[in-house]
Amino acid sequence: MQTFDATRHLRDRFWHPVCHRSELPAEGDYLRFEWLGEDLVVHHDGGRILAFDNLCRHRGARIFGGDVGNAVATCPYHGWTYRAGRLAGGAPEPALACGVQLRELPTAWCADFLFVAIDPAASLQAQLGGVAPMLEDISFQLAGRHDFNRAHYECDWQVAVENALEPDHIGFVHPQSLGKLDLQDGDNAFHGINSVWSAPLGSRSTARRLASISRFFGAQGAYQGYLSIYLFPFSMLSSTFGLSYSMQNFFPAAAPGSTHFTSRLYQTAVQPGAPDGVASTMFNASAAMNRQVFAEDAAVCRLVPAGTWTSEALPWPTAAEAKVEHFRASYRAQTAAQSVAQSVAQSVAHA
Ligand code: FES
Ligand SMILES: [Fe+2]
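Residues numbered from 1 in each chain as written. Chains lettered and ligands numbered in written order. Predicted model: local features only at pLDDT ≥ 70, side-chain atom pairs only at ≥ 80, totals over all residues. Heavy atoms only, no water.

(A) Main features of the sheet that holds strand β2 (residues 29-35). What the five strands build is an open sheet, ordered β5-β2-β3-β4-β9; its pairing is antiparallel. If you trace the sheet from one side to the other, it starts and ends with β5 (68-70) and β9 (104-105), each paired once. With three bridges joining them, β2 and β5 adopt antiparallel strand pairing. Looking at the pairing, Y30 lines up with G69 of β5. (Pairing = 2+ DSSP bridges. Helix = DSSP H or I, 4+ residues; strand = E, 2+ residues; numbered from the N terminus.)

This is the structure in structure tokens:
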């Protein structure tokens, strides 16, 4: 009997943010991700952006090999070529005549953020709930990708997500990076299964400096502090003063104790009259800082052995772990009900 796989369920039935529209501006632009031993590719092809499993319909080879790039969807094995998701060349006539199509995945936009699902349980708007307007506002401020970073976390994805959801570890793990902002007790806002943390900076000198340069960026109305939006189940979007935004995906790998981490730094629009170099200096510094923070997080997450994470309520939660508790409650609610439903369906099927 097939057992219920909670991680697969969360991957398949939920929408996941995968990119901003500005990342795929030209025909041929693509991004490739990995989750549960499979690939996910988003490709600008034939005037639209499509998502698919990266597998050729001939004999199943992976079509794209890089993380990001620009290419026609031509399979490197025997040369079958696809246009806008449909076989268009390099194949025998009978295959071309059949109208063979790539296995496309459902996509949906929240303003300029692209989400992908496999078999979504709800509409994207229903899943996002109250965070949708916030994401829409942010998406309109972004002017392109400044940095693409891929790393391997040697931990279960839940450990990596929980680490990103609590600030208690910052002083221990990030003393020379994120810790320098001296983030204060923040406010949590819960929107269904998603959550938002906003925290003022304790470092007055940094806050003054960021406030003074924010007039050069498309950050009007942005929160004047550190903002972190968690999008259940695998993704985060964070920013300091709205000058740039970091998208982080903690996609589960096939093997336990392994997480495919991808982060992107998006730059906001630079205002006319900004002094030369101020934007590139700031974006470069943010990208370097983020990479350091993620490397520090990966190192500490490795301390939690594979397979030991549990969705049980925390035994001694601190105030700063409220989002971790919320994540676990969401996880339990979203997986337990489905587990029961699946076992009922299976027992009916076998009756
Ligand atoms: S497997 Fe792709 S062309 Fe043969
Ligand atoms: Fe961290």
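Resuming the write-up.
(B) Focus on the pattern of salt bridges. Within the structure shown, the criterion is met by 18 salt bridges. Taking the shortest distance from any N to any O, the salt bridge between D119 and R13 comes out at 3.6 Å. With D119 in the loop between β11 (113-116) and α3 (124-128) and R13 in helix α1 (residues 6-13), this residue pair connects regions lying 106 residues apart in the sequence. The class of R13 is partly exposed, set by a relative accessible area of 27%. (Salt bridge = Lys/Arg side-chain N within 4 Å of Asp/Glu carboxyl O. Buried < 20%, exposed > 50% of the residue type's maximum accessible area, 1.4 Å probe, protein only.)

(C) Inspection of the domain arrangement of the protein at higher detail. Here the domain parsing of the protein yields domain 1 (6-108) and domain 2 (130-330). The C-alpha centroid of domain 2 is placed 29 Å from the C-alpha centroid of domain 1. At the interface, 21 residues of domain 1 touch 25 residues of domain 2. For the domain 1 and domain 2 pair, buried surface summed over both sides reaches about 1,900 Å², with 64% attributable to carbon and sulfur atoms. (Domains from an automatic or database assignment. Contact = heavy atoms within 4.5 Å. Buried area = accessible area lost by both parts, 1.4 Å probe.)

(D) Representation of the pairing of strand β18 (residues 259-268). Of all 10 residues making up β18, eight are buried, and the element is well covered by its neighbours. With 10 bridges connecting them, strand β12 (residues 142-153) and β18 associate as antiparallel partners. By the bridge assignment, L142 is partnered in β18 with T268. With nine bridges joining them, strand β17 (residues 244-252) and β18 adopt antiparallel strand pairing. Opposite Q248, over in β18, you have S263 as the bridge partner. Between β17 and β18, which follow one another and run antiparallel, lie six residues, and G257 among them has a positive phi close to 75°.

(E) Focus on the pairing of strand β10 (residues 107-110). In β10, alternate side chains face the same way, and those of A108 and C110 are buried while those of T107 and W109 on the opposite face are not. For β10 and β11, the ladder comprises four bridges, and the chain directions are antiparallel. Each bridged residue has a counterpart across the sheet, and for T107 the counterpart in β11 is V116. Where β10 hands over to β11, the hairpin turn is made up of two residues, of which A111 adopts a positive phi near 50°.

(F) Just the sheet that holds β10, in detail. Spatially, β1-β11-β10 is the arrangement adopted by the three strands of the open sheet, whose pairing is antiparallel. Of all strands in the sheet, those with a lone pairing partner are β1 (16-20) and β10, marking the two edges. Averaged over neighbouring strand pairs, the angle between their axes works out to 35° when direction is ignored. (Axes fitted to C-alpha atoms, helices over the stretch in contact; angles between N-to-C directions.)

(G) Quick look at the environment of T74. As for its position among the elements, T74 is in strand β6 (residues 73-74). C-alpha separation for the pair T74 and I63, spaced 11 residues apart in sequence, amounts to 6.4 Å. The residues contacting T74, other than those within four sequence positions of it, are I63, G79, W80 and T81. Only 2.9 Å separates the side chain of T74 from the side chain of T81, close enough to count as a polar contact. (Polar contact = N/O pair within 3.5 Å; in protein donor to acceptor, adjacent residues only side chain to side chain.)

(H) Highlighting the coordination of the iron ion (ligand 2). Here the iron ion (ligand 2) is held by the protein donor atoms H169 (NE2), H174 (NE2), D297 (OD) and D297 (OD), which lie 2.0 to 2.7 Å from it. One can describe the site at the iron ion (ligand 2) as irregular: its four donor atoms subtend angles covering 53 to 148° at the metal. Between consecutive donors of the iron ion (ligand 2), the numbers of intervening residues give the motif H-x4-H-x122-D. Given the relative accessible area of 1%, H174 is considered buried. (Donors = N, O, S within 2.8 Å, 3.2 Å for Na, K, Ca; no water. Tetrahedral: all angles 85-135°; square planar, octahedral: opposite > 155°, others 65-115°.)

(I) Examining the packing of aromatic side chains more closely. Scanning the entire structure with this criterion turns up 22 aromatic pairs. Both rings, one in Y230 and one in F232, keep their centres 6.4 Å apart while their planes meet at 80°; by these two values the pair is edge-to-face. A single burial state applies to Y230 and to F232, both of which are buried. The rings of F14, F33, W35, W157, Y230, F232, F234, F251, W309, F327 and Y331 are connected pair by pair, giving a single aromatic cluster. The ring of W35 is capped by R11, whose NZ or CZ atom sits 5.3 Å from the centre of that ring. (Phe/Tyr/Trp six-rings, centres within 6.5 Å; stacked < 30°, edge-to-face > 60°. Lys NZ or Arg CZ within 6 Å of the ring centre and 35° of its normal.)

(J) Summary view of the nonpolar core. Ranked by internal contacts, the top residues of the largest apolar core, which has 40 residues, are V18, L40, V42, Y153 and F327. Examining the composition of this core, we find that five residues originate from one element, helix α5 (residues 157-165), more than from any other. Three or more residues apiece are contributed to this core by two domains, here domain 1 (6-108) and domain 2 (130-330). Residue contacts for V18: discarding those within four places in its chain leaves E23, L31, F33, L40, V42, L114, V116, F251 and R264. Counting residues in hydrophobic clusters, the runner-up holds 22 residues, among them V131, I229, L231 and Y266. (Core = buried A, V, L, I, M, F, W, Y, C linked by side-chain atoms within 4.5 Å.)

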